[in-house]
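The residues making up each chain are set out below.
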Amino acid sequence: MKKFLIKRLMIGIIVLFCITFLSFLIINLAPGDPATLYVSADATEDQINQTRENLGLNKPLLVRYVYWLNDLLHGDLGISFATRQPVATMLVERVGPTLLLMGISLIVAYLIAIPLGIYSAVNQKSWVDYFITGTSFLGVSIPNFFLGLFFIYIFAVKLKWFPTGGMQVLGSDGGFVERIRHLILPVSVIATTISANMIRYVRSSMIDVFGENYLRTARAKGLKPGQIIFKHGVRNALIPIITIIGTDIPLLIGGAIVTEQIFQWPGLGALTISSIQSRDYNVLMAITLLSAIVVLIANILTDIFYATADPRIQFSEN
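Residues numbered from 1 in each chain as written. Predicted model: local features only at pLDDT ≥ 70, side-chain atom pairs only at ≥ 80, totals over all residues. Heavy atoms only, no water.

**What about helix H3 (residues 61-73)?**
For the record, the criterion: Secondary structure elements follow DSSP: runs of H or I of four or more residues count as helices, runs of E of two or more count as strands, with numbering from the N terminus. Multiply 1.5 Å by the residue count of a helix minus one, and that product is the helix's expected span. Under the scheme applied here, a residue whose accessible area is under 20% of the maximum for its type counts as buried, over 50% as exposed, and between as partly exposed, the area being computed with a 1.4 Å probe on protein chains only. Each C-beta atom gives one direction from the helix axis, and the arc is the one those directions make.
In this model, H3 (13 residues) spans 18 Å end to end at C-alpha, consistent with the 18 Å of a helix rising 1.5 Å per residue. Three or more residues of H3 are buried, namely Arg64, Tyr65 and Trp68. Around the axis of H3, the buried residues are gathered within 100 degrees of arc, so they sit on the same side. Seen from the buried face of H3, the exposed residues on the opposite side, beyond 90 degrees, are Leu62, Val66 and Leu73. Where H3 terminates, the next one or two residues include Gly75, which has phi positive at roughly 80 degrees.

Now the structure itself:
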């Protein structure tokens, strides 16, 4: 396992390097001049050129990337062009709300998807199975932004059950109940997409397991249906689903970016959109780096859990 972890970490570092280089290239080739954000609206061309030079924006792209990489290795993520705050401080302020939203969404999604997927597989070809399968296809097909706007219109505007956005009512201290009320709609949007996708995998995996010989043997021994399903079926069916959980992390990050913008949730997603609009290169690079690290760690943990859950998988295998 030690060799496996070292190997995966080495690959992860190489992948991170490639991601940061490509991201830096793409972000800096985008149209727009961030130096104009750093000066007043009535600044002269000489002042803008001087600012561009002070920020190092007039240097060749590769040189700027090497400087950025060197600063990163020294723990410096740079200064935001738009707010002039340290990027690290901005990330720390936004990570908490995003982790809260993503964590609760993931838990809610799996609490919905796993029981429904199992029930759908056990009652295969029944009207309930068709209903769950059809609803999950619908959930996967509907874009997050459309679902978010639909929920706002129905539950916030028409029924007035929940607030339209934000993390708390402006001017209030944001108590526990208030935070829950603000979380319900954005969590519902993200959890719908993830659970709809997961239901299909759980159902398919359970149906595959039902055809295995060891379950036929369990039935032949006269075990009760509940024992067959939960003791032998679910345990083995969930092993390949562990892999899917790792792939849900990028989906979760992508969904959070759109959902946070729609619901004005003060997290990394909203910061990403505002940084793109203001061409805030340093913030965008920091968010890209953080997202890549989260995805890589999630994939390494998924491999470890998968190999731990299934003894047939060896850490030394490719």
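Read on for the rest.
**Comments concerning the nonpolar core**
Threshold: Residue types Ala, Val, Leu, Ile, Met, Phe, Trp, Tyr and Cys, when buried and joined through side-chain atoms within 4.5 Å, form a set referred to as a nonpolar core. For this analysis, residues touch if any pair of their heavy atoms sits within 4.5 Å.
Ranked by internal contacts, the top residues of the largest apolar core, which has 37 residues, are Ile194, Met198 and Met206. Apart from residues lying up to four places away in sequence, Ile194 is in contact with Leu106, Ala109, Tyr110, Asp248, Leu251 and Leu252. With 13 residues, the next largest nonpolar core counts Ile27, Ala43, Ile48 and Leu284 among its residues.

**Side note on the environment of Gly103**
Examined against the element boundaries, Gly103 turns out to sit in helix H4 (residues 87-122). Placed 84 residues apart in sequence, Gly103 and Val187 show a C-alpha to C-alpha distance of 9.4 Å.

**With respect to the side chain of Ser80**
Formally: Pairs of N or O atoms are called polar contacts if they sit within 3.5 Å, as long as, within protein, a hydrogen donor faces a hydrogen acceptor (for residues adjacent in sequence, only side-chain-to-side-chain pairs).
Along the polypeptide, Ser80 turns up in the loop between H3 and H4. Here Ser80 falls in the buried class, since its relative accessible area comes to 0%. A polar contact of 3.1 Å, which involves the side chain of Ser80, links it to the side chain of Thr83. Setting aside anything within four residues of it in sequence, one finds Ser80 in contact with Tyr38, Gln85, Val87, Met90, Asp280 and Val283.

**A closer look at unusual backbone geometry**
Located in the positive-phi region is Arg84, a residue other than glycine, with phi close to 65 degrees. For Arg84, the location among the structural elements is in the loop between H3 and H4. Judged by its relative accessible area of 47%, Arg84 is partly exposed. The phi angle at Gln264 is positive, at roughly 55 degrees, despite the residue not being glycine. Tracing the backbone through its elements, the reader meets Gln264 in the loop between helix H9 (225-262) and helix H10 (268-278). Judged by relative accessible area, which is 59%, Gln264 ranks as exposed.

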